[in-house]
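Below, each chain spelled out in residue letters.
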Amino acid sequence: MKKFNLALLALFVTVFATIACSKSEDEPQVPPQPENPAVPTSSIEPRLLCYNVHKCVGMDGEFSCERIAKIINDSNVEAVALQELDSMSKRHPVDVLGELAKLTGMHPTFGPSIDFQGGKYGIGVLTKQKPISSRRVPLPCRSEPRSLLIVELQDYYFCSTHLSLHEAAR
């Protein structure tokens, strides 16, 4: 079944690439016109990042919000979806997302998935733009509870989730 899925994916990519490349470079590229010329269209191309921060513990076993913040800052993104965040747990008695927000200058939105060691554990989003609204949606899961965090920004919605490693739970 996996070989069939891989072959199907390869076929799809080949067909898509053929269609995309079939346009002649000599043809003038005319941007699509809006249905209502009075309504301006915008070309939104935000730089996004998805990052499982592993509780801010590196491969060296050291906890460091600064190291994670440096990677986010160096990426120069508009928004980052974060997974495996502690908030005031005994393991890390710090608001990790809040600390990352301070270090990056971004706006934090936390989506706790579970109560953990006297605090919370879950997912989050950091955005350069202040969110208009956010919503946490519990996801069905057979093992550890999971969530989807939806953050509304001026021109788009940005989501973060952390699915299970177990296929049946996904």
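Note: the structure precedes this text.
Quantities reported herein were computed from a predicted structural model and do not represent experimental measurements. (Residues numbered from 1 in each chain as written. Predicted model: local features only at pLDDT ≥ 70, side-chain atom pairs only at ≥ 80, totals over all residues. Heavy atoms only, no water.)

Engineer: Would you take a moment to explain the overall build of the protein chain for this structure?
Structural biologist: A tally of helices and strands in the protein chain yields 3 helices and 7 strands. The helix and strand sequence of the protein chain, counted from the amino end, reads α-β-α-β-α-β-β-β-β-β. Taking contacts inside the protein chain between residues at least 6 apart in sequence as the whole, the part at least 24 apart equals 57%. For the protein chain, the exposed surface amounts to about 11,800 Å²; the carbon and sulfur share of it is 58%. (Helix = DSSP H or I, 4+ residues; strand = E, 2+ residues; numbered from the N terminus. Contact = heavy atoms within 4.5 Å. Areas by Shrake-Rupley, 256 points an atom, 1.4 Å probe, with all protein chains shown as cover.)

Engineer: Where do I start with the environment of R135 in this structure?
Structural biologist: As for its placement among the helices and strands, R135 is situated in strand β5 (residues 133-139). Take R135: its relative accessible area is 56%, and that puts it in the exposed class. The residues contacting R135, other than those within four sequence positions of it, are L148, L149 and I150. (Buried < 20%, exposed > 50% of the residue type's maximum accessible area, 1.4 Å probe, protein only.)

Engineer: What should I look at first to understand the nonpolar core in this one?
Structural biologist: Proteins that are soluble and globular tend to have nonpolar side chains buried together. Among the nonpolar cores identified, the biggest contains 17 residues, and I72, L82, L100 and L126 are the most heavily contacted of them. Put simply, the parts of the chain that give this core at least two residues each are α2 (65-75), β2 (79-87) and α3 (96-104). Among residues more than four places away in sequence, those in contact with I72 are L49, Y51, V77, V80, L82, T104, M106 and L126. With 9 residues, the next largest nonpolar core counts A79, A81, I123 and L153 among its residues. (Core = buried A, V, L, I, M, F, W, Y, C linked by side-chain atoms within 4.5 Å.)

Engineer: How should the pairing of strand β6 (residues 146-152) be read in this particular structure?
Structural biologist: Regular strands place side chains that alternate from one sheet face to the opposite one. Where β5 lies against β6, 7 bridges are found, and the strand directions are antiparallel. Looking across to β6, one finds that V137 is bridged to L148. Following β5, the chain reverses through 6 residues before pairing antiparallel with β6. Here β6 folds back onto strand β7 (residues 157-161), and the loop between the two strands holds 4 residues. (Pairing = 2+ DSSP bridges.)

Engineer: I'm lost on the pattern of salt bridges in this one. Help?
Structural biologist: Side-chain pairing between opposite charges can occur once the charged atoms of the two side chains come close. Applying the stated criterion across every chain yields a total of 2 salt bridges. Among the salt bridges present, the one from R67 reaches D60, with a minimum N-O distance of 3.1 Å. Looking at R67, the relative accessible area reads 33%, which means it is partly exposed. The salt bridge partner of D74 is K70, with a shortest N-O separation of 2.6 Å. You can see D74 and its partner K70 sitting in helix α2, 4 residues apart, about one turn around the helix. Residue class for D74 comes out exposed when judged on its relative accessible area of 55%. (Salt bridge = Lys/Arg side-chain N within 4 Å of Asp/Glu carboxyl O.)

Engineer: I would appreciate a short explanation of α3 in the present structure.
Structural biologist: Given 3.6 residues per helical turn, the α-helix brings residues three or four places apart onto the same face. Among the residues of α3, V96, L97, G98, L100, A101 and T104 are the ones counted as buried. The positive-phi residue at the C-terminal boundary of α3 is G105, with phi of around 75°.

Engineer: I tried to follow the pairing of β2 on my own but got confused; where do I start?
Structural biologist: The buried fraction of β2 is high, at 9 of 9 residues. Two strands pair when backbone bridges link them, and strand β1 (residues 48-52) and β2 are joined in this way by 5 bridges, in the parallel orientation. Paired with L49 across the two strands is V80, which belongs to β2. Between β1 and its parallel partner β2, the chain crosses via α2, and the hand of that crossover is right-handed. Where β2 meets strand β4 (residues 119-127), 7 bridges bridge the pair, whose relative direction is antiparallel. From the neighbouring strand, L85 faces β4, where its bridge partner is G122. (Right-handed = clockwise from strand over helix to strand, strands pointing away.)

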